[in-house]
Number of protein chains: 4
Amino acid sequence: MKIIIEKDFEAMSEMTKNILIGHMSQDKRVNLSITAGNTPVGVYKKMVEIVKESPDYANVHYYNFDEIPVPNQAEGITITDLRKLYLNPANINEANVHPLTVENYKEQDQRLALEGGLDAMLIGLGGDGHFCGNMPTTTSFENLTYKVKVSGEEPWFVPGEMEKGMEFVTMGPVSVMRVKHLILIVNGEKKAEMVKNVLQGPVTEEFPASILQLHPNLTVILDEEAASKLNK
Amino acid sequence: MKIIIEKDFEAMSEMTKNILIGHMSQDKRVNLSITAGNTPVGVYKKMVEIVKESPDYANVHYYNFDEIPVPNQAEGITITDLRKLYLNPANINEANVHPLTVENYKEQDQRLALEGGLDAMLIGLGGDGHFCGNMPTTTSFENLTYKVKVSGEEPWFVPGEMEKGMEFVTMGPVSVMRVKHLILIVNGEKKAEMVKNVLQGPVTEEFPASILQLHPNLTVILDEEAASKLNK
Amino acid sequence: MKIIIEKDFEAMSEMTKNILIGHMSQDKRVNLSITAGNTPVGVYKKMVEIVKESPDYANVHYYNFDEIPVPNQAEGITITDLRKLYLNPANINEANVHPLTVENYKEQDQRLALEGGLDAMLIGLGGDGHFCGNMPTTTSFENLTYKVKVSGEEPWFVPGEMEKGMEFVTMGPVSVMRVKHLILIVNGEKKAEMVKNVLQGPVTEEFPASILQLHPNLTVILDEEAASKLNK
Amino acid sequence: MKIIIEKDFEAMSEMTKNILIGHMSQDKRVNLSITAGNTPVGVYKKMVEIVKESPDYANVHYYNFDEIPVPNQAEGITITDLRKLYLNPANINEANVHPLTVENYKEQDQRLALEGGLDAMLIGLGGDGHFCGNMPTTTSFENLTYKVKVSGEEPWFVPGEMEKGMEFVTMGPVSVMRVKHLILIVNGEKKAEMVKNVLQGPVTEEFPASILQLHPNLTVILDEEAASKLNK
C-alpha cells in the first residue's frame, strides 16, 4: 500500500486526477471503475476540463461498481450520479459506458474478464468502514459481485432514507482484488479514525475496507485531516 | 481462481511443470518462489530434466517463502530441501538463489519489490489449512513477511518434532497477494476436505489458505482425489 | 530475445506446447494467435491431448493472424488449416474463435485492442524471411493489419500455385509488436541461414522477420539444425 | 500510438507531468528514464513542486538513457543537466539515481532487466529525427545500448561544438522498445515537419525516431505548433 497525504481536499483531488489521467493516456483500451458520491466531486471537475472536448480519451471505458435501483426509474442512483458529475459534462460516448445493474450483476465479473479487466478503480471509504457496497454485516470476503436485500436490521439502516426489502448490487472483495490499480480517496477529520482502523488495524469483515490491505497495488490519497490518526 | 483437475500425481506434476516452464521461457528476469516438501517432488524431477544442462534459464531467480532455522547448521530446513530436490540437480547458479532467513526476513518484501516482484509462486496446502508458514492461530491476514515464535500451545504443535520457543519465518498473506501468478498444487484424498474448505468455504484465519480465494491470478492444480469433495 | 535450442522437432514441439499451456492456465481471459502450416503440427498434437476434453481452457480465445481467401469457399486457407490441425480435434467452442478475414481486416487491430490484446502469438519463419503474411517486397514496417494484392512480380510468386491479382490479409509489423509474448519456432537445416539473417543480421524490410529483433518479449525455439549457423 | 495535442508548451508540460506522476504513484518500484534538454523544462518544474518535500516517491528510480562524457569532469552532460533540472531541486536520494556512463554502458540492458525494466521513458525529438542518442547515420535498428565515436563526417556534426573522435553512449532502438510506456514530447513549429515524418512516414534509419511507430505503448504529446503538419 502506498499512502499519499495531501494538504487538503483540493490537493487530494488534483493528485487523484493526475493518477487517473496517467492511466487514461496510455495507448490501449483502459477500463476504469469510478465512484459516485461527494468525495470525488473535485476530481471530476478537474477531469471534465481535460476530457470534455478531447478526442484523446476514446480508449477509456467506464464501469460503475455498485448500484441501487430506483422504483419507476430507468437507471439507478449510482449511474445517475456519475452521469451528472462526470459522464455528461465530459461528453463521454455512451458506447464507452457499461452500467452495472440489478439485472446484469451476475455477469459483471465474467464481462470484465472478457473485456480485459479493470485497469483502475477509484473508491471512497464509508464512515462505517464500507467500500463500494460492501457494508458491515452484509459482506463476506469471498464474494464476487453480489446482491444484497436489506432487512432493516443492519447497523447502517436509516429508516426514512432506506426501505426494508430494498435491494442493491455491488462488486465484492474478490472482484475488487482483481483491479490492477486501486485508488482510495478519503478526506476530512470525521473519517480519520476509520482510516486508521481499515489501513492499520486487523483485517475483519466488521470493517470491510480492511481487506484492501491485501490489494497488490493500492494507492491511498488522504487529506491531512483524514490522515491525522495514522501511526507513522 | 482457475481450478485444473488432473487424473493423478503424475499428471498434476506434468501440468505444473508446464506452467512453470512457460513462465521461465520468457525474455526477461523471472522471479520464482517455490515450495519444499513432498507435493512438488514430481514437478522438480521433470524440471530438472529440462533445466540441468541448459543455458536458457539464467534469467530465472529463486526465492524460498518460509524458513525454519536449524541449530548449528548454516542453512534452514526449507532451503536445504530445495537444494536437494531442485537447485542442486538442476545446477542453478548460486547468484540466482535468494534465501529468506530468520536474519533477513524483515527486508524480504522490500527486497522483492526492488527486484521486480515475484512472477510466480508454487505452494502446497497443509492438512490443517496452512499455506507457506501461515498456520492456524499464528496467522493474521494483514501480515507481510513475519517471524513466529512457537509457544507449544498451537493446535499443530507436535511434541518431539517441534520445540517450544523455536522460531520460523514466512511470507505473509499480504506478501503472497502480490505474486503475479500463484499456483497451488494439492494431491491425495486426505486433503480433499480441506481443499473444499479453503476454496469454497468462508475466508477465515482458522483456515489461513482460504484467503487465497482473493488472489487475482490463482491457478489450482489438483489430482482427482484432492478434488473429490469440491462442489461442481 | 531469448533463444532456446532443442535437440529436434519433437523437443521443439514439447517446449512450445509447455509455453502455450503456461499462458492458457492463468485465471483470466487469454488471447492467442496461432500459426497454420507444417512447423506447429507437433505442437498442436500435444496440445490437443491436453485440451480436447478439458473444461479448463474455456478462458482461451483464438485468432488467426493472416488469411488467404479461397474462391467459392466460406473460409480461407489459414483458418481452414487451423480448424483441421487444432480447433476441431481440440473441441474449441466456436465462440472462442475469432477469424481474421479479407472482409474484416480493417477492424482487426481495433478489435484486438478492445478485447484486451494478444497475450501470445505463435509464428513460424518463411524460407525467404517472411513472418505472418509479411513478405519481402510487400512489407512496410509501419503497417498495421493490411491487405496485399499480388502483382505476379514478387520474388516469391509461384505461377500455378498463386494467381495474379489474388489478395491476402495479414497483421503487420506494428500489430505484431503489440503481442505481449511472441514465440517463433523454426526447425530444419534449410532455414538455418535465414534464422541467422533475421536474428543476427541488420533489420531490413528485405527480410521482414528481422524486425522481430525489436520485440520486447520474444522467445525463439529452434531445433539444432535451424540453430546451426547462429553465432554463439 | 496515442497522440495528444495540447494548446501550448504549458499545457503539454502539465499533461506530461500528470502521466509521470500517475506512474510514480503506484505501490511498487517504478523505474523512470527521463530526458535532459529544453523540452522537459516545464515538466520538471511542475514535478519538483510535487516531489521535493514528499516522502511518497521513494519507490521511484531514475535512469538516464544517453551520456556524453566531459574531459576532466566526473559526470557527463546528460546527468549533469538532469541533476540541475530535476534531481537536485526534487531532493532525489542518490540511491535512486542510476547513471549510464561511457564506462558501464555495456551492462545497461542487463542491469535494467535485473531491476525490473523501465516502466516509463520520457524522450524528446531531434530536429533531424533523432531520439535519445540515436542519430542519423550512426543508428542501426538492431542496436541495444551502444557507443558512438564521432568521425566528424556525420550530417549533424557541428564543428566548434563537437570534436572529432569524441564518444557518447545511448540506449538503442531495441532497448527503447522494451520500455513499458514510452512518452514522446515535442513542441514548436520548427519540429512540425519532422513530427510528421517520424510519426506518419516510412520507418527508416534516415529518421531514427520513425522506429517508434512500432512501440507497443507510445503516447505522443505535442503542442499545436508541433502537430500542425500531421495528417488528420
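Scroll up to find the structure this text is about.
Residues numbered from 1 in each chain as written. Chains lettered and ligands numbered in written order. Predicted model: local features only at pLDDT ≥ 70, side-chain atom pairs only at ≥ 80, totals over all residues. Heavy atoms only, no water.

Undergrad: What's the story with the overall build of chain A in this structure? I'm lost.
TA: Looking only at helices and strands, chain A features six helices and ten strands. For 232 residues, the compact-globule formula gives about 17 Å, and the C-alpha radius of gyration of chain A, at 17 Å, lands near that figure. Along the longest, intermediate and shortest principal axes, the C-alpha atoms of chain A span 50 × 45 × 30 Å. The burial tally for chain A puts 61% of its 232 residues in the buried class. Contacts spanning at least 24 positions in sequence make up 76% of the contacts within chain A whose residues lie at least 6 apart. Positive and negative charge centroids in chain A, built from 22 and 32 side chains respectively, lie 2 Å apart. (Helix = DSSP H or I, 4+ residues; strand = E, 2+ residues; numbered from the N terminus. Rg over C-alpha atoms; globule rule 2.2 N^0.38 Å. Buried < 20%, exposed > 50% of the residue type's maximum accessible area, 1.4 Å probe, protein only. Contact = heavy atoms within 4.5 Å. Lys, Arg positive; Asp, Glu negative; His and termini not counted. Charge placed at Lys NZ, Arg CZ, Asp CG, Glu CD.)

Undergrad: Would you take a moment to explain helix α2 (residues 41-51) of chain B for this structure?
TA: Every α-helical turn comprises 3.6 residues, leaving residues that sit three or four positions apart pointing alike. Those residues of α2 of chain B not exposed but buried are Gly42, Val43, Tyr44, Lys46, Met47, Val48 and Val51 of chain B. Buried positions along α2 of chain B lie against α1 (9-24), α3 (77-87), β6 (120-123) and β9 (181-186) of chain B.

Undergrad: What am I meant to see in the interface of chain D and chain A here?
TA: Interface extent is often summarised as the accessible area lost during association of the parts. Listed by partner, the interface residues are 25 residues for chain D and 25 residues for chain A. Across the chain D to chain A interface the summed buried area is about 1,900 Å²; carbon plus sulfur atoms make up 44%. In terms of surface lost to chain A, no three residues of chain D exceed Lys2, Asp27 and Asp56 of chain D, which account for 31% of the buried area on that side. Remark: the boundary between chain D and chain A carries two salt bridges. When the shortest N-O distance is used, the salt bridge between Lys17 of chain D and Glu14 of chain A registers 3.6 Å. Counting every contact that joins chain D to chain A gives twelve residue pairs in polar contact (both at pLDDT 80 or more). Among the secondary structure elements, those contributing two or more residues to the side of chain D that touches chain A are β1 (2-6), α1 (9-24) and β10 (218-223) of chain D. With eight residues, α1 of chain D is the largest single contributor of residues to the side of chain D that touches chain A. Looking at side-chain class alone, the side of chain D that touches chain A contains twelve nonpolar, eight polar and five charged residues. (Buried area = accessible area lost by both parts, 1.4 Å probe. Salt bridge = Lys/Arg side-chain N within 4 Å of Asp/Glu carboxyl O. Polar contact = N/O pair within 3.5 Å; in protein donor to acceptor, adjacent residues only side chain to side chain. Nonpolar A, V, L, I, M, F, W, Y, C, P; charged D, E, K, R; others polar.)

Undergrad: What am I meant to see in the relation of the copies chain D and chain A here?
TA: Mapping between the two chain copies consists of a rotation about an axis together with a translation along that axis. Overlaying chain D with chain A gives an RMSD of 0.0 Å, the required rotation being 180° about an axis along which the chain moves by 0.0 Å. The symmetry that links the two subunits is that of a two-fold axis. A share of 100% of interface residues in chain D that are also interface residues in chain A marks the association as one of identical surfaces. (Least-squares fit on C-alpha atoms with pLDDT ≥ 70 in both.)

Undergrad: I'm lost on the sheet that holds strand β7 (residues 146-149) of chain C in this one. Help?
TA: By way of backbone hydrogen bonds, the strands of a sheet pair with one another, either parallel or antiparallel. Residues and elements named next belong to chain C. Here three strands make up an open sheet; going across it, the order is β4-β8-β7 and the pairing antiparallel. Each having just a single partner strand, β4 (66-67) and β7 make up the two edges of the open sheet. Strand direction decides the pairing type here: β4 and strand β8 (residues 167-170), joined by two bridges, are antiparallel. Each bridged residue has a counterpart across the sheet, and for Glu67 the counterpart in β8 is Val169. (Pairing = 2+ DSSP bridges.)

Undergrad: Looking at this structure, I do not really get the environment of Asp109 of chain D. What am I missing?
TA: Residues and elements named next belong to chain D. As for its position among the elements, Asp109 is in helix α4 (residues 108-114). Each C-alpha atom, one on Asp109 and one on Lys232, is 37 Å from the other, the two residues being 123 residues apart in sequence. Those residues in contact with Asp109, other than ones at most four positions away along the chain, are Leu144, Thr145, Ser175 and Arg178.

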